[in-house]
Amino acid sequence: MMKDIATPARTKEILNKYGFSFKKSLGQNFLIDTNVLRNIVDAASVSEKTGVIEVGPGIGALTEQLAKRAKKVVSFEIDQRLLPVLDETLAPYDNVTIIHSDVLKANIHEAIKENFQDVDDIMVVANLPYYVTTPILMKLLEEHLPIRGIVVMIQAEVADRIAAKPGTKDYGALSIAAQYFAEAERVLTVPATVFVPQPRVDSAVLRLTIRKEPAVNVSDESYFFQVFHACFANRRKTILNNLVHNLGPKERKPEIEEALDEAGIDPKRRGETLSLEEFAALSESLLKRFPRS
Ligand code: SAM
């Protein structure tokens, strides 16, 4: 029986064999701890009927643990140098498909249609490249993919921002964007020693459970997103000031004041104190005064 990929010795052996040098610019920090990997797979509740989408297989450490538990794994890797490595390391598993692509440009709906016709549920599970954590998560959420959830290793600080509650220092546009689509929890804290090379930031595993319906009802999703982003453009400014300066040319102060009044929101409050429900009410009352063309 072959040793797991994610042991320090086997990882070293594979890297040496291929003369692989890490590219910092691609966020390459590989996991070398099988316990952490199993905890990630457990946190995602992957079963033999689950289809898994992975981002960035690296040399296959997490992919292998997913392949052992899932029905099928489809994994997007941007670095061409890793393709021959993965060919070898994942050869024992016939339920893995590697797609050579930048996940930000990939058609994930299409990949799901092609690969996951016969699964009960779909999860995204990944040890994400940290330089693109937010764009990847936002793409996965905004595309309304037919997934049950997302379990990812990310920077601890980003996990805290995503899971933050209103009124805390971490709460911001990213918390609202993620919590609109999903329930967010930080499920595991991980020391830098479980990676090679070790990242300079602390890491944590975040679980997002996709809601059946978004957390609040809005008639124009993209306007709602514009509204709460504008409210956080300058964290020290009041919500009124942020809206006047950052929402759009049509949105003028008197009508913004009316909209805030109608939504029952004090114009002197700051964005970080508003709940999702309040942002939704605000977005609706602004939309009434500034209809989209
Ligand atoms: N899953 C492996 C592990 O846990 O050991 C590697 C994780 S490493 C943090 C991130 C991986 O994502 C690297 O293999 C890197 O080449 C890949 N990657 C970076 N940017 C990517 C992108 N835009 N699309 C797809 N893969 C990417």
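Below is a summary of the structure that appears in this document.

Rules used throughout
Residues numbered from 1 in each chain as written. Predicted model: local features only at pLDDT ≥ 70, side-chain atom pairs only at ≥ 80, totals over all residues. Heavy atoms only, no water. Core = buried A, V, L, I, M, F, W, Y, C linked by side-chain atoms within 4.5 Å. Buried < 20%, exposed > 50% of the residue type's maximum accessible area, 1.4 Å probe, protein only. Domains from an automatic or database assignment. Contact = heavy atoms within 4.5 Å. Near = heavy atom within 4 Å. Areas by Shrake-Rupley, 256 points an atom, 1.4 Å probe, with all protein chains shown as cover. Helix = DSSP H or I, 4+ residues; strand = E, 2+ residues; numbered from the N terminus. Nonpolar A, V, L, I, M, F, W, Y, C, P; charged D, E, K, R; others polar. Pairing = 2+ DSSP bridges. Axes fitted to C-alpha atoms, helices over the stretch in contact; angles between N-to-C directions. Parallel < 35°, antiparallel > 145°, perpendicular 65-115°, else oblique. Left-handed = near helix turned anticlockwise from the far one by under 90°. Phe/Tyr/Trp six-rings, centres within 6.5 Å; stacked < 30°, edge-to-face > 60°.

Another point: the nonpolar core. Judged by nonpolar contacts, the single largest core of 71 residues is most densely connected at Ile162, Phe224, Leu243, Leu282 and Leu286. Two domains each provide a minimum of three residues to this core, namely domain 1 (8–210) and domain 2 (221–289). Beyond its immediate stretch of four places on either side in the chain, leucine 243 contacts Val227, Ala230, Cys231, Ile256, Leu260, Leu282 and Leu286.

Turning to the site of the ligand, a few remarks are in order. Among the 23 residues in the neighbourhood of the ligand, the closest are listed as Leu31, Gly56, Glu77, Asn127 and Tyr131. In isolation the ligand has 600 Å² of accessible area, and contact with the protein removes 100% of it. Elements supplying a minimum of two residues to the shell around the ligand: β1 (30–31) and β3 (72–77). For the shell around the ligand, the class distribution of residues is 12 nonpolar, 7 polar and 4 charged.

Strand order in this open sheet of 7 strands is β4-β3-β2-β5-β6-β9-β7, and the pairing throughout is mixed. The sheet terminates laterally at β4 (96–100) and β7 (182–190), the two strands that pair on one side only. Between one strand axis and the next, the sheet turns by 20 degrees as a mean value, whatever way the strands run. Note that strand β5 (residues 121–127) and strand β6 (residues 149–155) share 5 bridges and pair parallel. Bridged to asparagine 127 within β6 is methionine 153. Running at roughly 115 degrees to β7, helix α8 (residues 173–181) makes contact with β7 and β9 (203–210) of the sheet.

Next up on the list: the packing of helix α2 (residues 34–43) against helix α3 (residues 61–69). Think of two packed helices as two axes; the pair is described by the angle between the axes and how far apart they sit. The contact between α2 and α3 brings their axes to 10 Å, and the two run at 50 degrees. In terms of orientation, α2 and α3 fall into the oblique class. For α2 against α3, the interelement crossing comes out right-handed. Packed against α2, whose contacting residues are Thr34, Leu37, Arg38, Ile40, Val41 and Asp42, the element α3 presents Ala61, Leu62, Gln65, Leu66 and Arg69 at the interface.

The subject of this paragraph is the packing of aromatic side chains. Scanning the entire structure with this criterion turns up 13 aromatic pairs. Seen in terms of ring centroids, phenylalanine 228 and phenylalanine 279 are 6.2 Å apart; in terms of plane orientation they differ by 65 degrees. Their pairing is edge-to-face. You can see phenylalanine 228 sitting in helix α9 (residues 221–231) and its partner phenylalanine 279 sitting in helix α12 (residues 276–289), a full 51 residues away along the chain. The same class applies to phenylalanine 228 and to phenylalanine 279, which are both buried.

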